[in-house]
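So the chains spell out like this:
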Amino acid sequence: MKTYQVDENGYYGRFGGSYVPEILYRCVKDLQERYLVELGSATFRQEYHRLLRDYAGRPSPLYHAARLSDRTGCKVYLKREDLNHTGAHKINNTIGQILLAQRMGKRRIIAETGAGQHGVATATVCALMDMPCVVYMGRTDVERQQPNVQRMQMLGATVIPVTSGNMTLKDATSEAIRDWCCHPADTFYIIGSTVGPHPYPDMVARLQSVISEEIKWQIREKEGRDYPDYLIACVGGGSNAAGTIYHYVDDERVKIVLAEAGGKGVCSGMSAATIRLGREGIIHGARTLVMQNDDGQIEEPYSISAGLDYPGIGPVHAYLSEQKRADVLAVDDDEALAAAFELTRLEGIIPALESAHALGALKKVRFRPSDVVVLTLSGRGDKDMDAYIRAFIKQ
Ligand SMILES: *Cc1c(COP(=O)(O)O)cnc(C)c1O
C-alpha cells in the first residue's frame, strides 16, 4: 500500500532528510536512534498521556459548530486546540519533547520562537520540570510580541534577542542551531514545528498525532463513522496540520485541505505562501520548499499572522502537495480577518489569526450538504487582539 509517512531514512519522497553540520552529527544520530524506542515505551506513554490529560486539559472537544455549518453549507466540526493550556496545540509537542530530553539525560533546553507561542509552551514545560531554558527570538519579534516575552520571563526562561538577518524566526532558528553546536552533549533542542533535520518532522508529527487519534473516536461518537470527508488546518511549519491528518493520511476517503498564509496576495511580494512560491532547497537541516531568490538567498516571508511567516515548510507537506494528496490554498490577510470576525459572531469563539486562515479556506472549497468537515482550531485569539482591534476600527 502507498504510504505518505516518513521512510526509514527520514524522507518523504525527495523531501526531508538530515543536513546538519559535522559537530551535530552524533547528537542528531542519537536522537534518530532513540526517539521511536522512547516514544513507544509504556512508561513514556503513561507519563505523556497523564500530562496531556491532567496538565494540558485533553482531550480537546470536537465541537459541532451549527451556525458556522449553516453559513458554510455542510457539517463543520471544530477541533478545539484553542482550549489547551497555553492556548494552542504547541503544548502537546513540548510536553513530549521535554520527557524525551529527560530520558536522554539532557540538562538544558533551548528553543526558537517567532510569535512567542512555542517559546511560551517550552518555558512552561521547563518550569514544570525544573530545567533551565533559553529561547532565541528575533529582535523584531521581541519588540512586537512583548506579552509573550514577559510570559516566558515570568516562567523563568532566558529570552535572547537575535540581531542577525531580518531579526525574525529564521534568524532565531539559525541562532538556536548555533547554540546547539556549542553544547551538543548536554543540551536538548525543542523544535516547535514539523521542520528541522530528521527525526524532528516525524517526531513532532507523532507528538501532535494525539489530535487525529482523538478525532477518530470523537467523530465516531457523533457521526457513527470514524472518518470525516474533509480535514482542514492551517500550515506555518505544519505541526497542527500534521497532527490533524496523521491517522488519516493514508485513507484516501478523507480529503485534506491545507491553508497557507497568502499575506497581501500570493503575487504581491508580501506573502508567506511557501508551498506556492517556494523552490526546492535546504533550510534548517531539511530538504523542502523554501522561499528564496535566484541566488538561493532566503526571502523574508510576510503574513498578518506571526505564527505562519516561516520561509520553509515541513517536508511532509511539501510531499503531500507534490503528490496532490493535499489541496493547498493560500488565504490572504483580509480573508483570514473576515473569517475570524465571522467565527466570533457566529459561535462566540475568537480564534488565533493562524487558525483564522484555516477558517478562510472554508470559503474556497465547494462542499456538498452531506459533507462532514473537521477543521482544527489551532489556537485562541487573545494574543491577536491588537490586530483584530485595528481591523475592527478600519471597517
Ligand atoms: C505556531 C502556531 C501555528 C503554526 O504552526 P504549525 O506548526 O504550522 O502548526 C498555528 N496556529 C497557532 C495558534 C500557533 O501558535
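Here is what the cut-offs are and how they apply
Residues numbered from 1 in each chain as written. Predicted model: local features only at pLDDT ≥ 70, side-chain atom pairs only at ≥ 80, totals over all residues. Heavy atoms only, no water. 1 Å grid on protein atoms, 1.4 Å probe; cavity = no way out; pocket = protein on both sides within 12 Å on 5 of 7 lines; lining within 4 Å. Points joined across faces, edges and corners; volume = space filled by probe spheres on them. Helix = DSSP H or I, 4+ residues; strand = E, 2+ residues; numbered from the N terminus. Nonpolar A, V, L, I, M, F, W, Y, C, P; charged D, E, K, R; others polar. Near = heavy atom within 4 Å. Polar contact = N/O pair within 3.5 Å; in protein donor to acceptor, adjacent residues only side chain to side chain. Areas by Shrake-Rupley, 256 points an atom, 1.4 Å probe, with all protein chains shown as cover. Sits in = over half its atoms within 2 Å of the grid points. Buried < 20%, exposed > 50% of the residue type's maximum accessible area, 1.4 Å probe, protein only. Pairing = 2+ DSSP bridges. Axes fitted to C-alpha atoms, helices over the stretch in contact; angles between N-to-C directions. Contact = heavy atoms within 4.5 Å.

Observations concerning the layout of surface pockets
Line of reasoning, step 1. Counted as a void, the largest pocket has a volume near 880 Å³.
Line of reasoning, step 2. If you go around the largest pocket, you meet 39 residues; those closest to its centre are Gln145, Ile304, Leu353, Ala387 and Arg390.
Line of reasoning, step 3. Counting residues per element, the ones that place at least two in the lining of the largest pocket are helix 6 (139-144), helix 7 (146-154), helix 14 (333-347), helix 15 (353-361) and helix 16 (385-394).
Line of reasoning, step 4. Sort the elements by how many residues they give to the lining of the largest pocket and helix 16 lands first, with six residues.
Line of reasoning, step 5. Counted by class, the lining of the largest pocket contains 13 nonpolar, ten polar and 16 charged residues.
Line of reasoning, step 6. Considered as a void within the structure, the second largest pocket measures approximately 230 Å³ in volume.
Line of reasoning, step 7. Leu39, Arg45, Arg206, Ser209 and Glu213 are the residues nearest the centre of the second largest pocket, which is lined by 14 residues in total.
Line of reasoning, step 8. Among the secondary structure elements, those contributing two or more residues to the lining of the second largest pocket are helix 1 (25-40), helix 2 (42-56), helix 9 (200-208) and helix 10 (210-223).
Line of reasoning, step 9. Of the residues forming the lining of the second largest pocket, the biggest block, four residues, is contributed by helix 2.
Line of reasoning, step 10. Taken together, the residues of the lining of the second largest pocket sort by class into seven nonpolar, four polar and three charged.

So, the site of the ligand
Line of reasoning, step 1. In the neighbourhood of the ligand, 17 residues make up the surrounding shell, with Lys90, Ser193, Gly236, Ser239 and Ser378 lying closest.
Line of reasoning, step 2. The contact in question runs from an oxygen atom of the ligand to an N or O atom on the side chain of lysine 90, over 2.7 Å.
Line of reasoning, step 3. The side chain of serine 378 places a nitrogen or oxygen atom 2.7 Å from a nitrogen atom of the ligand.
Line of reasoning, step 4. Contact with the protein chains removes 96% of the 380 Å² of surface that the ligand exposes when unbound.
Line of reasoning, step 5. Placement of the ligand is best described as lying within the largest cavity.
Line of reasoning, step 6. Looking at the shell around the ligand residue by residue, the classes come out as four nonpolar, eleven polar and two charged.

Some details on the environment of arginine 178
Line of reasoning, step 1. Tracing the chain through its elements places arginine 178 in helix 8 (residues 169-182).
Line of reasoning, step 2. What makes arginine 178 partly exposed here is its relative accessible area of 45%.
Line of reasoning, step 3. As for arginine 178 and glycine 224, which are separated by 46 residues in sequence, their C-alpha atoms are 50 Å apart.
Line of reasoning, step 4. There is a polar contact of 2.5 Å between the side chain of arginine 178 and the side chain of glutamate 175.

Some thoughts on helix 15
Line of reasoning, step 1. The element helix 15 is extensively covered by neighbouring structure, given that nine of its nine residues are classed as buried.
Line of reasoning, step 2. Of all the positions in helix 15, only Leu353, Glu354, Ser355, Ala356, His357, Ala358, Leu359, Gly360 and Ala361 are classed as buried.

Notes on the sheet that holds strand 4 (residues 75-80)
Line of reasoning, step 1. Across the sheet, six strands lie side by side as 3-4-14-9-10-13; this open sheet has mixed pairing. Looking along the sheet, the strands with just one partner apiece sit at the ends: strand 3 (62-64) and strand 13 (326-332). Within this sheet the neighbouring strands show an average axis-to-axis angle of 25 degrees, counted without direction.
Line of reasoning, step 2. Running at roughly 90 degrees to strand 13, helix 14 makes contact with strand 3, strand 4, strand 10 (255-263), strand 13 and strand 14 (372-377) of the sheet.
Line of reasoning, step 3. Against the sheet, helix 15 engages strand 4, strand 9 (230-234), strand 10, strand 13 and strand 14, with an angle of about 140 degrees to strand 9.

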